[in-house]
Amino acid sequence: MAAAQAHPRKRLFVNREIQGRLLARTTLYWVLYHAVLWMAMFFYRYSEHRGAVLAGATPRSFADLYGQFLRENSSLWLCAFAILPIVLWDLLKFSHRVVGPLVRFQRTLEGLTAGQAVPEVRLRQGDLLFDLQTTFNEYLASLRTLQSSSELPPQIERQLTEELQQMQAEIQAAGAPGSPLTPHAVR
């Protein structure tokens, strides 16, 4: 694992499909949350005003009431816009811990499918999917043992090829429905 730690990835944004969708969806939820919060706060204030009018207070126009609410609560939007970049940056860093390993596994599977000798996969410190790393490397070790012990019978070779293709399809499906992981430099 030391070799993987010595070579940190140079890019946080390694897969536009997965990470881009996560960032866009988070931004959408952020906007929806704050819009609903804003409207709920105003509805509460409007309800208070209607109650006061029923109790004998002077009625105010909707525009006047909303203008006052806007002046009193504009700091909500200032704080919300200040925190959004922090939230998106943290999400990008977190998604990188999942997407980076997926890209690495995909590249290794592509190498195996092409008949290349591939080294064990070593994830970087902070990456997620270490259980998959362990299982994948055990599979590579068993494959090397089978290859070194003798020529594989066609039936086993066919079965291993099918399993390899199935693993590659599962990793692609984990990335984004219907879209393979886009290979980018992951270092």
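Everything here concerns the structure above.
Residues numbered from 1 in each chain as written. Predicted model: local features only at pLDDT ≥ 70, side-chain atom pairs only at ≥ 80, totals over all residues. Heavy atoms only, no water.

**Things to note about the overall build of the protein chain**
Each helix and strand counted, the protein chain has five helices and zero strands in total. The 187 residues of the protein chain split such that 30% are buried. When contacts within the protein chain are restricted to residue pairs at least 6 apart in sequence, those whose partners lie at least 24 apart make up 74%. Counting only carbon and sulfur atoms, one obtains 62% of the accessible surface of the protein chain, whose full area is about 12000 Å². (Helix = DSSP H or I, 4+ residues; strand = E, 2+ residues; numbered from the N terminus. Buried < 20%, exposed > 50% of the residue type's maximum accessible area, 1.4 Å probe, protein only. Contact = heavy atoms within 4.5 Å. Areas by Shrake-Rupley, 256 points an atom, 1.4 Å probe, with all protein chains shown as cover.)

**What to know about the packing of helix H3 (residues 62-113) against helix H5 (residues 154-175)**
Two numbers describe how H3 lies on H5: the axes approach to 10 Å, and their chain directions differ by 155°. When the axes of H3 and H5 are compared, the pair comes out roughly antiparallel. Crossing of H3 over H5 shows left-handed handedness. On the side of H3, the interface is formed by Leu102, Phe105, Gln106, Leu109, Glu110, Leu112 and Thr113, while H5 contributes Leu164, Met167, Gln168, Ile171, Gln172 and Gly175. Tallied by class, the residues present in the contact of H3 with H5 amount to seven nonpolar, five polar and one charged. (Axes fitted to C-alpha atoms, helices over the stretch in contact; angles between N-to-C directions. Parallel < 35°, antiparallel > 145°, perpendicular 65-115°, else oblique. Left-handed = near helix turned anticlockwise from the far one by under 90°. Nonpolar A, V, L, I, M, F, W, Y, C, P; charged D, E, K, R; others polar.)

**Side note on the side chain of His49**
Mapped onto the secondary structure, His49 falls in helix H2 (residues 16-54). Once residues within four sequence positions are removed from consideration, His49 is found in contact with Thr58, Pro59, Arg60 and Leu65.

**Quick look at a nonpolar patch on the surface**
A contiguous nonpolar surface patch, about 310 Å² in accessible area, is contributed by Leu28, Tyr29 and Leu32. Among the structural elements, Leu28 can be located in helix H2. (Patch = residues over 30% accessible without salt bridge, like charges linked within 9 Å, V, L, I, M, F, W, Y side chains within 5 Å. Salt bridge = Lys/Arg side-chain N within 4 Å of Asp/Glu carboxyl O.)

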